[in-house]
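# Fold and geometry: a report
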Amino acid sequence: MVAGKKILLGITGSIAAYKTPFIVRELVKAGAEVKVVMTSASLDFVSKLTLSTLSKQTVHDQLFKEGAWANHVELGRWADLLLIAPLSCTTLSKMSSGLCDNLLMSIYFSATCPIIVAPAMDEDMWIHPVTKDNMNRIREHGCKVIQVKHGELASGLIGEGRMAEPGEIFSELQGFFARSQQLSGKKVLITAGPTQESIDPVRFISNHSSGKMGYAIAEEMAGRGAVVTLVTGPVSLRCYHKGIQLVKVKTAEEMFEACMSSSADYDVAVMAAAVADYTPLVTSEQKIKKEGPEMSVKLKKTSDILNSLGRIKSKHQRLIGFALETNNENQNAIKKLKDKNADMMVLNSLNNEGAGFGGDTNQVRLFFKSGQQKDIELKPKTEIAKDIVDAINELL
């Protein structure tokens, strides 16, 4: 799958850089065109001569050299993929914070291609809260991460932080390019985030949904070639893939109308939003003043988007629902799957630590119309999104 692809390999200052000649060799052998960009720190671990010989290309390591300028914009646009391996703790911090002080970072911040990183660092660095925050941030920015391995580290310790082996990285790239056209031509409708139901001009009823799960699924779907429409409630997130059409709404009724207007035009609908079940019967035009010890707000049911789509979906359409539960999780998810005529239900339980609203990780259980179910362990929501999309692809 990498044959004919243009791959830009960024190498940073980590002892794991000694593995990069093997990565270059495998890619070139498979028919890829490889160019290498090195940071100054990486030059202590692997030679430019080795990499230029294997890649049959000039190795770049400076923005300016002997009066010439290395065109980072051109390099970033040339590539079908930017692979940063190894990704050091220092470079990760620069990617996360926006520090652009070398050629590789200039390429990273101007690249228009997908980006995959393979981290490598000692375990104490890898598990540090700042590192975790930085990893989550670059994931949110659209970077795909090849997970570190457990094994012997340069410090002599045994633990997590070891970069994936060259063969594993090669396989990841093969899989990436295979998946990039997996959903080509498919039209996908996704909802994400909360809705806000106004009580008056300054107050509303809502929930704690961050929208991260829905956005991660949208990015994964688009990354596999799908044409994605993302209907989103009020969140602080942004889309990074150009193939995602963003429709911003505020209320449950607005989300309902946006989804129903596309109800005949999708192959897959993923209802990941946390839509309000009730909305105020009357919204005050003026701010309600604090008067008396009590206040009552009458509520009415909102339109059920998942149920409405389930009643009218055609044979070729696949409908995916989400169930966030606090008790009788399995029974409630299975009942919702049947009642809404969905093809798959994704169960989130607030009883699972690290799962649910707001966080960067999730743990889910998938229920299928066939009666099968699948457990997905706790992991970053971007990784959960891959598993969910894999399951959807099988349904198709």
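Here, the structure is the one placed above.
Residues numbered from 1 in each chain as written. Predicted model: local features only at pLDDT ≥ 70, side-chain atom pairs only at ≥ 80, totals over all residues. Heavy atoms only, no water.

### Details of the packing of helix α1 (residues 20-29) against helix α8 (residues 166-179)
Cut-off, in case you're wondering: Only the stretch in contact is used when a helix axis is fitted, and all axes are lines through C-alpha atoms; the angle between N-to-C directions ranges over 0 to 180 degrees. For the purposes of this entry, the term helix denotes a DSSP run of H or I that reaches at least four residues, the term strand denotes a run of E that reaches at least two, and both are numbered from the N terminus. Orientation categories follow fixed angle ranges, with anything under 35 degrees roughly parallel, anything over 145 roughly antiparallel, 65 to 115 roughly perpendicular, and all other angles oblique. Crossing handedness is defined as follows: a turn of the near helix away from the far one that is anticlockwise and smaller than a right angle gives a left-handed crossing, while the clockwise case is right-handed. Contact between two residues is taken to exist if any of their heavy atoms lie within 4.5 Å; hydrogens are not considered. Residues are sorted three ways: Asp, Glu, Lys and Arg are charged, Ala, Val, Leu, Ile, Met, Phe, Trp, Tyr, Cys and Pro are nonpolar, and all the rest, Gly among them, are polar.
Running from amino to carboxyl end, α1 crosses α8 at an angle of 40°, the nearest separation of the two axes being 9 Å. Considered as vectors, α1 and α8 are oriented oblique to each other. Here α1 runs over α8; the crossing is right-handed. Side by side, α1 and α8 meet where F22, I23, E26 and L27 of the first sit next to P166, I169, F170 and L173 of the second. Looking at the contact of α1 with α8 residue by residue, the classes come out as seven nonpolar, no polar and one charged.

### Quick word on the sheet that holds strand β10 (residues 187-192)
Where we set the bar: Being paired, for any two strands, means DSSP has found at least two bridges between them.
Taken in spatial order, the eight strands of this open sheet run β14-β13-β10-β15-β18-β19-β20-β21, and their pairing is mixed. Of all strands in the sheet, those bounded by a partner on one side alone are β14 (244-248) and β21 (373-380). On average, adjacent strands in this sheet sit at an angle of 20° to one another, irrespective of strand direction. Sheet topology note: the strand β19 (residues 344-349)/strand β20 (residues 361-368) ladder contains five bridges and is antiparallel. Bridging across to β20, M344 finds its partner in F368. Those strands touched by helix α9 (residues 212-223) are β10, β13 (227-232), β14, β15 (268-271), β18 (318-325) and β20, and its axis lies near 165° from that of β10. On top of the sheet, helix α11 (residues 305-312) reaches β15, β18 and β19; it is set at about 155° to β18, its chief contact.

### Points about the packing of helix α4 (residues 89-97) against helix α5 (residues 103-110)
Taken N-terminus to C-terminus, the directions of α4 and α5 make an angle of 40°; their axes are 11 Å apart at the nearest point. Classed by the angle they form, the pair α4 and α5 counts as oblique. Crossing of α4 over α5 shows right-handed handedness. On α5, the residues that touch T91, K94 and M95 of α4 are M105, Y108 and F109.

### Comments concerning unusual backbone geometry
To keep it simple, the criterion reads: Note on exposure labels: buried denotes an accessible area under 20% of the residue type's maximum, exposed denotes more than 50%, and partly exposed covers the range between, all computed with a 1.4 Å probe on protein chains only.
Each neighbour pair has its own omega, and for A85 with P86 the value is 0°, a cis peptide bond. Of note in this structure, K56 is not a glycine but carries a positive phi near 60°. Turning to its location among the elements, K56 is positioned in the loop between α2 (48-55) and β3 (64-65). Look at K56 and you get exposed, because its relative accessible area is 66%.

### A word on the side chain of D200
Selection criterion: Whenever a nitrogen or oxygen atom comes within 3.5 Å of another N or O atom, the pair is scored as a polar contact, on the condition that within protein one atom can donate a hydrogen and the other can accept it, and that pairs from neighbouring residues in sequence are kept only if both atoms are in side chains.
Mapped onto the fold, D200 is located in strand β11 (residues 197-200). Polar side-chain contacts of D200 include one of 2.9 Å to the backbone nitrogen of V202. Once residues lying within four places of it in the same chain are set aside, the contact partners of D200 are T283, S284, Q286, K287 and I288.

### Regarding the nonpolar core
Applicable threshold: Remark: nonpolar core denotes a set of buried residues (Ala, Val, Leu, Ile, Met, Phe, Trp, Tyr, Cys) joined through side-chain atoms within 4.5 Å.
Grouped together as the largest cluster of nonpolar side chains are 33 residues, with contacts concentrated most on I217, M221 and I388. Of all elements in the fold, only β10, α9, β13, β15, β18, β19, β20 and α13 (381-395) reach the threshold of two or more residues within this core. No other element matches α9, which puts seven residues into this core. In contact with M221, not counting residues within four places along its chain, are L183, V188, I190, A226, V228, V268, V270, V389 and I392. Of all hydrophobic cores here, the second largest spans 30 residues; its members include A16, A85, I146 and F176.

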